[in-house]
Amino acid sequence: GPGRRSDSGGRIPAPRGRFQAGARPGRILTAGRWYWLTVTIRPRVRVAPILAALLALGAPLAAQAPVRAGAEGAAPPPPAPRPRGALVLGGGGAKGGAHIGVLRELERLRVPVDLIAGTSIGAVIGGLYASGMDVDELEALVHSLEWSDLLSDRAPRPLRPFRRKAADERIPSRLELGFNGGRIRFPRGLVSGQNVELTLRSATLPVANVRSFEQLPIPFRAVATDLETGEAAVLGQGELSTAIRASMSIPGAFAPVERDGRLLVDGGLVDNLPVDVARAMGADVVIAVDLTPPLYEADEITSALEVSAQTLRITTLRNTLPSRRALVEGRDLLLQPDVESIAITDFRQLPASIAAGRAAAREREPFLRGLSLDSASYARLRASQQRRGVALPPLDFVRVRGARGTDPDLVAARVRLPLGREVSAAELDQA
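Calculation criteria
- Residues numbered from 1 in each chain as written.
- Predicted model: local features only at pLDDT ≥ 70, side-chain atom pairs only at ≥ 80, totals over all residues.
- Heavy atoms only, no water.
- Helix = DSSP H or I, 4+ residues; strand = E, 2+ residues; numbered from the N terminus.
- Buried < 20%, exposed > 50% of the residue type's maximum accessible area, 1.4 Å probe, protein only.
- Contact = heavy atoms within 4.5 Å.
- Areas by Shrake-Rupley, 256 points an atom, 1.4 Å probe, with all protein chains shown as cover.
- Phe/Tyr/Trp six-rings, centres within 6.5 Å; stacked < 30°, edge-to-face > 60°.
- Lys NZ or Arg CZ within 6 Å of the ring centre and 35° of its normal.
- Core = buried A, V, L, I, M, F, W, Y, C linked by side-chain atoms within 4.5 Å.
- Salt bridge = Lys/Arg side-chain N within 4 Å of Asp/Glu carboxyl O.
- Axes fitted to C-alpha atoms, helices over the stretch in contact; angles between N-to-C directions.
- Parallel < 35°, antiparallel > 145°, perpendicular 65-115°, else oblique.
- Left-handed = near helix turned anticlockwise from the far one by under 90°.
- Nonpolar A, V, L, I, M, F, W, Y, C, P; charged D, E, K, R; others polar.
- Polar contact = N/O pair within 3.5 Å; in protein donor to acceptor, adjacent residues only side chain to side chain.
- pLDDT = per-residue confidence, 0-100.

A. Here's a closer look at the overall build of the protein chain. On a plain count of helices and strands, the protein chain comes out with 15 helices and twelve strands. Within the span of the protein chain, comprising 431 residues, buried residues form 37% of the whole. The long-range share in the protein chain, meaning contacts at least 24 apart out of those at least 6 apart in sequence, stands at 69%. As displayed, the protein chain offers around 25800 Å² of accessible surface, 56% of which is attributable to carbon and sulfur atoms.

B. Geometry of the environment of G420. Inspection of the secondary structure assignment puts G420 in the loop between α14 (408-415) and α15 (425-430). The class for G420 is exposed, based on a relative accessible area of 58%. A sequence separation of 26 residues divides G420 from P394, and the C-alpha atoms of the two residues are 5.5 Å apart. Look past the residues within four positions of G420 in its chain and what remains in contact with it is P394 and L395.

C. Region of the structure containing the packing of aromatic side chains. Under the criterion given, the structure shown has two aromatic pairs. Plain terms: the ring middles of W147 and F347 are 4.1 Å apart, the flat faces sit at 5° to each other, and that makes the pair stacked. With a gap of 200 residues between them, W147 in helix α5 (residues 147-150) and F347 in the loop between β12 (333-335) and α11 (350-363) connect regions that are remote in the sequence. When sorted by exposure, W147 lands in the same class as F347, which is buried. Stacked on the ring of Y296, the Lys or Arg R313 has its end atom at 4.0 Å from the ring centre.

D. Molecular detail of the nonpolar core. With 62 residues, the main nonpolar core has L87, L106, I116, F220, L235, I287 and L368 as its most contacted residues. Element by element, the count of residues in this core is highest for helix α3 (residues 121-130), at seven residues. Once residues lying within four places of it in the same chain are set aside, the contact partners of L368 are L106, L109, V111, I287, L333 and A361. Counting residues in each nonpolar core, the second largest holds 14 residues, with V223, V275, M281 and A283 among its members.

E. Region of interest: the pattern of salt bridges. Per the stated rule, a full pass over the model turns up 18 salt bridges. The salt bridge involving R348 is made with D346; its shortest N-O contact spans 3.1 Å. On the basis of relative accessible area, R348 is assigned to the exposed category, the value being 73%. On the accessibility criterion, D346 (18% relative accessible area) is buried. Linked through salt bridges whose partners overlap, the residues forming this network are E105, R108, R358, R362, E365 and R369.

F. Representation of the environment of L333 within the structure. Structurally, L333 is set in strand β12. Separated by 31 residues in sequence, L333 and R364 place their C-alpha atoms 8.6 Å apart. Non-local contacts of L333, meaning those with residues more than four positions away in its chain, are made with V286, I287, A288, L327, R364, F367 and L368.

G. Inspection of the packing of helix α7 (residues 194-203) against helix α8 (residues 240-247) at higher detail. Running from N to C, α7 and α8 cross one another at 140°; their axes reach a closest spacing of 9 Å. It follows from the interaxial angle that α7 and α8 lie oblique. In terms of crossing hand, the pair formed by α7 and α8 is right-handed. In this structure, α7 contributes V196, E197, L200 and R201 to the contact, and α8 contributes S241, T242, I244 and R245. Here the residues of the contact of α7 with α8 are counted per class, giving three nonpolar, two polar and three charged.

H. Quick look at the side chain of D290. Tracing the sequence through the fold places D290 in the loop between β11 (285-289) and α10 (304-325). Residue classification places D290 among the buried positions, given a relative accessible area of 2%. Polar contacts involving the side chain of D290 include one to the side chain of R324, which spans 2.7 Å. The contacts of D290, once residues within four sequence positions are left out, are L273, T320, R324, L334, L335, Q336 and P337.

I. Summary view of unusual backbone geometry. A positive phi is found at R110, a non-glycine position, where the angle reads about 60°. Structurally, R110 is set in the loop between α2 (97-108) and β4 (115-119). Taking relative accessible area as the criterion, R110 reaches 29% and is therefore assigned partly exposed. For D260, which is not glycine, the phi torsion reads 55° and is therefore positive.

J. The arrangement of the packing of α3 against helix α4 (residues 135-144) in detail. Running from N to C, α3 and α4 point in directions that differ by 135°, and their axes come no closer than 10 Å. When the axes of α3 and α4 are compared, the pair comes out oblique. As for how α3 packs across α4, the hand of that crossing is right-handed. Contact residues: α3 offers I125, L128 and Y129, while α4 offers V135, L138 and L141. Grouping the amino acids of the contact of α3 with α4 by side-chain chemistry returns six nonpolar, no polar and no charged.

K. Just α3, in detail. The element α3 is largely enclosed, with a buried count of ten among its ten residues. I121, G122, A123, V124, I125, G126, G127, L128, Y129 and A130 are the residues of α3 that are buried. In the stretch just after α3, G132 is the one whose phi turns positive, near 115°.

L. Examining the confidence of the model for the protein chain more closely. Averaged over the protein chain, the pLDDT score is 81; the fraction of residues at 70 or greater is 71%. Note on residues 1-24: pLDDT is under 50 here. Beyond four places in sequence and across chains, it has 27 contacts.

Here it is as structure tokens:
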């Protein structure tokens, strides 16, 4: 460049000349001599138009970036959570075998049951299923029970002494009266329900330590009636067997259950089909099994028995109709098995009521298939809902209390339970 110093320290004169065609870049010929030339170019560029052009070019590229990222395997958004399905099981005595039939079809179709609410026999079947029993265990249990003994306060016939068996034949009445303070005392129910309670305690032993029904394999609620206030009592904590027993205490037939300072009887008086309870538990979809019988026609009411039965039907139907109306068409499902011919006390008809429940569910199979899970997902769900056994501590001693007029040590000796090891529920029942 002009004024540049040479290697010898002299100043190189500013060259005047032109670029020679074919000359190497950086060399210039002037006055017959070649010079090396370093050229620095500082162009004057207008920045604003260039930035505008770059921004205009980058906008469509930025818009396309998410598409390219997705195509390259970016994580898709998480799927929407599955709706929570609740099974609502109504009361109906021996008609309640239909609940087992419905459960069997739900398992066959892989329909998830996330919540259960039940009243009376619905609380029995629903509570046992919520405790982790499967349908096979439930059906085996109800078929193995001696219902005539279960619905009384008598010991099973094989355990009764001969004189007691003979007395049962001579005196068929099962009503027991008391005498206190110079007055005859009538019991609160024809049956105290101790045999029912013992059976329920044994069946729910694996969840005996569970005090919140939210922590059961399937969250559960039982509905009873507060006999003092006439209001519904929704039972969701405490001892499961006692809650079930309270929900099925038919007034007059079974003695009420005292629980948490309240006197409780059958929940069918106030909420025979507890759809509202299932909604409060968080149900998105409800499958309700309604066993409420229709009212008698006038010509069918021919005796005091039909009059009494009709009053009970009116009471039950009046609280069931709002529950039916609360179901959302197209989202919820109402099943009404054909069990009209089965009496609420005829437990010999359990096979027929179970079959009626299966038939009612099969009639709505297309709807139920819309709720079903794939095989793997349903298997995982049912595995998480199986009952987990409870370890019983070793038996250290047997103590007898309340034995009046009898030597407590003699009674303890007759119990004959092994000490120092774990005792099974069957051993306790036979002691």
